[in-house]
Amino acid sequence: MAIVYTLVNQKGGVGKTTSAINLGAYLGYYGQKVLLIDLDPQANATSCLGINKHDVKAGTYEVLIGTKGIAEPILHNPRFKMSLLPSSPALAGAEVELVEMDERHGRMRKALVPVLDRYDYILIDCPPSLSLLTLNGLVAALDGVLIPVQCEYLALEGIGQLVQTLGKVRNSLFTELEIRGVMMTMEDKRTRLSHDVISEVQKFFPNQVFHATIPRNIRVAEAPSFGQPILFYDENSSGALGYQMLALELLYGDERLDKEQITQQLDGLKAQGRIDDERYKTFLIDLGKLSQ
Ligand SMILES: Nc1ncnc2c1ncn2[C@@H]1O[C@H](COP(=O)(O)OP(=O)(O)OP(=O)(O)O)[C@@H](O)[C@H]1O
Ligand SMILES: [Mg+2]
């Protein structure tokens, strides 16, 4: 049965799409069947995977509106080991059309049902708003939301409003909506600011911030123009390592890999010189703490 996570933050450009794609690719690399749902009319996730949004004949829009079932428009990329429900500019119109429809908040959740047993993970990439599309993403987040937060000045700006929205959804639409975790993106280890921001976010979300952080890395920013996740564009980059560690942390927390399997993977990374002793140890210790 698929674990369904929705990536949400109404602030633009914090790394929702980048994280959905790259985390998805690493989950695929670790043997998981992954479906990415592009719930954003900007269709960045679709473009980042090398698909021209103007060529999309059917995708998220048709599924939400109900003119197509979900299975048919799904595209599969065997190389990336990932499937995609693509978006197209038409999705912008859904916002208006949905208002008139029955169960307007729960349409994505309902649409997912036929494919839940075909995937191990379903990741939903939301637009930068708290619109009806995002609400559909939240109600469909059966196993929780992943909140990417950029390591920058005023990182927590808007987070209060996001948490309030999650509360409202919990009260009226989906009682069990959870925060699965907060991912720190675009970290610059050389600056004090990144460090301070992470501490501040950890205070705001105690025990909910992933230990693995994603560094700011030019290779991560370049990969979409080649239509590839970072794993395929430059698997030796620091950005790739960040997403690989995040995937391992998630897989461990979700009990899809056990401690032995995680340790084996980390041993491999250490043997390749990609992580040092210090990082190896703190990662394992923190995994232990997170699982308590
Ligand atoms: N780790 C990183 N290092 C360098 N650049 C990054 C990194 N993560 C994301 N970026 C870049 O930052 C920009 C915003 O990222 P992204 O599109 O993933 O954010 P988003 O939250 O999905 O944005 P939107 O709110 O518009 O949907 C992109 O140009 C992306 O390439
Ligand atoms: Mg995006």
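It should be noted that the structure appears before, not after, this text.
Residues numbered from 1 in each chain as written. Chains lettered and ligands numbered in written order. Predicted model: local features only at pLDDT ≥ 70, side-chain atom pairs only at ≥ 80, totals over all residues.

Caption draft 1: Looking closely at the nonpolar core. Ranked by size, the top nonpolar core spans 86 residues in total, and within it Leu36, Ile122, Leu123, Ile124, Leu138, Leu246 and Ala247 carry the most contacts. The biggest single contributor to this core is helix 11 (residues 238-253), with 10 residues. (Core = buried A, V, L, I, M, F, W, Y, C linked by C-beta atoms within 7 Å. Buried ≥ 20, exposed ≤ 12 C-beta atoms within 10 Å, placed from the backbone. Helix = DSSP H or I, 4+ residues; strand = E, 2+ residues; numbered from the N terminus.)

Caption draft 2: Structural detail: the pairing of strand 5 (residues 121-125). Counting buried positions over the 5 residues of strand 5 gives 5, a clear majority of the element. In this sheet, strand 5 lies alongside strand 1 (residues 3-7) in parallel orientation, the contact comprising 5 bridges. Its bridge partner being in strand 5, Thr6 is matched across the sheet by Ile124. As judged from the 5 bridges shared by strand 2 (residues 34-38) and strand 5, these two strands associate in the parallel manner. Looking across to strand 5, one finds that Val34 is bridged to Tyr121. (Pairing = 2+ DSSP bridges.)

Caption draft 3: Region of interest: the site of ligand 1. Taken together, 20 residues sit near ligand 1, with Gly12, Lys16, Thr17, Thr18 and Pro128 positioned nearest. Counting only elements with at least two residues in the shell around ligand 1, the list comes to helix 1 (16-29) and helix 9 (218-222). With 3 residues, helix 1 is the single largest residue contributor to the shell around ligand 1. Taken together, the residues of the shell around ligand 1 sort by class into 7 nonpolar, 10 polar and 3 charged. (Near = placed C-beta within 6 Å. Nonpolar A, V, L, I, M, F, W, Y, C, P; charged D, E, K, R; others polar.)

Caption draft 4: Spatial organisation of helix 1. A rise of 1.5 Å per residue sets the reference length of helix 1, with its 14 residues, at 20 Å; its end C-alpha atoms lie 20 Å apart and thus fit the reference within 8%. For helix 1, the tally of buried residues reaches 13 of 14 residues, placing the bulk of the element in the interior. Gly31 sits one or two positions beyond helix 1 and adopts a positive phi of about 85°. (Expected span 1.5 Å × (residues − 1).)

Caption draft 5: Quick look at the pairing of strand 1. Where burial is concerned, most of strand 1 is hidden: 5 out of the 5 residues are buried. The alternating pattern of strand 1 places Ile3, Tyr5 and Leu7 and Val4 and Thr6 on opposite faces, both of which are buried.

Caption draft 6: Structural context of the sheet that holds strand 6 (residues 145-150). Strand order in the open sheet made by the 7 strands is 3-4-2-5-1-6-7, with mixed pairing throughout. Every interior strand has two partners, whereas the edge strands, strand 3 (75-77) and strand 7 (179-185), have only one. Strand-to-strand twist in this sheet, taken as the mean axis angle between neighbours without regard to direction, amounts to 25°. Direction of pairing for strand 1 relative to strand 6: parallel, over a ladder of 2 bridges. Bridge pairing in strand 6 places Thr6 opposite Val145. (Axes fitted to C-alpha atoms, helices over the stretch in contact; angles between N-to-C directions.)

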